[in-house]
Amino acid sequence: MKINQKLEDAINKQINAELYSAYLYLGMSARCTEMNLKGMAHWLYVQAQEEMTHAMKFYRFVLDRSGHPVMPAIEGVSTDWKAPVEMFAAAYEHEKKVTAMINNIVDIALAERDHATASMLNWFVDEQVEEEANSSEITEKLKLIGESKDGLFMLDKELSVRVFVDSTLPAGPAQP
Ligand code: FEO
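Residues numbered from 1 in each chain as written. Predicted model: local features only at pLDDT ≥ 70, side-chain atom pairs only at ≥ 80, totals over all residues. Heavy atoms only, no water.

Undergrad: Which parts of the structure should I look at to understand the overall build of the protein?
TA: Helices and strands together make up the secondary structure of the protein, namely five helices and zero strands. Counted from the first residue to the last, the protein has its helices and strands arranged as α-α-α-α-α. Relative to the compact-globule value of 16 Å for 176 residues, the protein shows a C-alpha radius of gyration of 18 Å, a close match. Seen along its three principal axes, the alpha-carbon backbone of the protein occupies a region of about 55 × 40 × 25 Å. The buried share of the protein, taken over its 176 residues, is 42%. Expressed as a percentage of contacts within the protein between residues at least 6 apart in sequence, the contacts between residues at least 24 apart total 82%. Working note: accessible area of the protein is about 10000 Å², and carbon and sulfur atoms make up 58% of it. Looking at charge distribution, the protein has the averaged site of its 17 positive side-chain charges lying 1 Å from that of its 27 negative ones. (Helix = DSSP H or I, 4+ residues; strand = E, 2+ residues; numbered from the N terminus. Rg over C-alpha atoms; globule rule 2.2 N^0.38 Å. Buried < 20%, exposed > 50% of the residue type's maximum accessible area, 1.4 Å probe, protein only. Contact = heavy atoms within 4.5 Å. Areas by Shrake-Rupley, 256 points an atom, 1.4 Å probe, with all protein chains shown as cover. Lys, Arg positive; Asp, Glu negative; His and termini not counted. Charge placed at Lys NZ, Arg CZ, Asp CG, Glu CD.)

Encoded structure:
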């Protein structure tokens, strides 16, 4: 069944927001690389990759439901962050905004009785809990670390092990 216009508009807006998120995290990753915080740069790069997969999930859904993706400009981002704590605090604030946007689309889907869209959005509702928790936890750790170089070094190491998982691929073992 073709997606209705209201939902199509909201999801198109979300595609742009997810691509903006990828851009935002890529800018932060670049800054961390410049600061020699390679673990944080890696973590943020993986986050940027994840955001691309979020955009692609919405993009494919619009096409699958015979909608029309629109591609307006993606807003520019900063690459001039002063400190990691500033970046991760901004990331947390950003994720709270994304959660509100997702919740708003859920509200529209329920009002329109579009169960397919509501079902697709469930994944994002769950994902946003993790997105907020991750950025909040790292921000709080950075606040605790304060000016400690040792603490920063240890956290940087901890964040270097993040593995990118492409959530757009089907679950199960890889096909030969
Ligand atoms: Fe795709 Fe970080 O929300």
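We are not done yet, so read on.
Undergrad: Can you walk me through the side chain of H54 in this structure?
TA: For H54, the location among the structural elements is in helix α2 (residues 38–64). A polar side-chain atom of H54 sits 3.1 Å from a polar atom in the side chain of E51. Only 3.3 Å separates the side chain of H54 from the side chain of E127, close enough to count as a polar contact. Beyond its immediate chain neighbours, meaning those up to four positions away, H54 contacts E18, W123, F124, E127 and E131. (Polar contact = N/O pair within 3.5 Å; in protein donor to acceptor, adjacent residues only side chain to side chain.)

Undergrad: How should the environment of L7 be read in this particular structure?
TA: Along the polypeptide, L7 turns up in helix α1 (residues 5–34). A relative accessible area of 0% means that L7 is categorised as buried. As for L7 and V62, which are separated by 55 residues in sequence, their C-alpha atoms are 9.3 Å apart. What L7 contacts, discounting residues up to four positions off in sequence, is I105, I108, A109, E112, D114 and T117.

Undergrad: Just to check I follow, could you spell out the packing of aromatic side chains for this structure?
TA: Within a pair of aromatic rings, the relevant descriptors are the distance that separates the centres and the angle that separates the planes. Here the structure, examined in full by the defined rule, presents three aromatic pairs. Measuring from ring centre to ring centre gives 4.0 Å for F58 and F124, while their planes differ by 20°; the resulting arrangement is stacked. Residue F58 is found in helix α2, and its partner F124 is found in helix α4 (residues 115–145); the two are separated by 66 residues along the sequence. Residue classification places F58 among the buried positions, given a relative accessible area of 0%. Three or more aromatic residues link up through ring pairs in this structure, and these residues are F58, W123 and F124. Positioned above the aromatic ring of W123, the side-chain terminus of K57 is 4.0 Å from the ring centre. The ring of W43 carries the charged tip of R162 above its face, separated from the ring centre by 4.2 Å. (Phe/Tyr/Trp six-rings, centres within 6.5 Å; stacked < 30°, edge-to-face > 60°. Lys NZ or Arg CZ within 6 Å of the ring centre and 35° of its normal.)

Undergrad: Hey, could you run me through the packing of helix α3 (residues 84–111) against α4 in this one?
TA: The geometry of a pair of packed helices is captured by two quantities: the angle between their axes and the separation between those axes. In the contact formed by α3 and α4, the axes pass within 9 Å of each other and the chain directions differ by 160°. Considered as vectors, α3 and α4 are oriented roughly antiparallel to each other. For the pair α3 and α4, the sense of crossing is left-handed. Residue composition of the contact of α3 with α4, by class: 18 nonpolar, six polar and five charged. (Axes fitted to C-alpha atoms, helices over the stretch in contact; angles between N-to-C directions. Parallel < 35°, antiparallel > 145°, perpendicular 65-115°, else oblique. Left-handed = near helix turned anticlockwise from the far one by under 90°. Nonpolar A, V, L, I, M, F, W, Y, C, P; charged D, E, K, R; others polar.)

Undergrad: Can you help me understand α1 in this one?
TA: Because an α-helix completes one turn every 3.6 residues, residues spaced three or four positions apart along the sequence face the same direction. Look at α1: 44 Å from first C-alpha to last across 30 residues, which is about the 44 Å you get at 1.5 Å a residue. For α1, the N-terminal cap is N4; the gap from its side-chain oxygen to the backbone nitrogen of K6 is 3.2 Å. Looking one or two residues past α1, N36 carries a phi angle of roughly 65°, positive in sign. (Expected span 1.5 Å × (residues − 1).)

Undergrad: I'm lost on the packing of α1 against α2 in this one. Help?
TA: For the pair α1 and α2, interaxial distance at closest approach is 8 Å and the crossing angle is 165°. In this view, α1 runs roughly antiparallel relative to α2, as classed from their interaxial angle. The element α1 and its partner α2 pack so that their crossing is left-handed. For the contact of α1 with α2, the per-class residue count stands at 19 nonpolar, seven polar and three charged.

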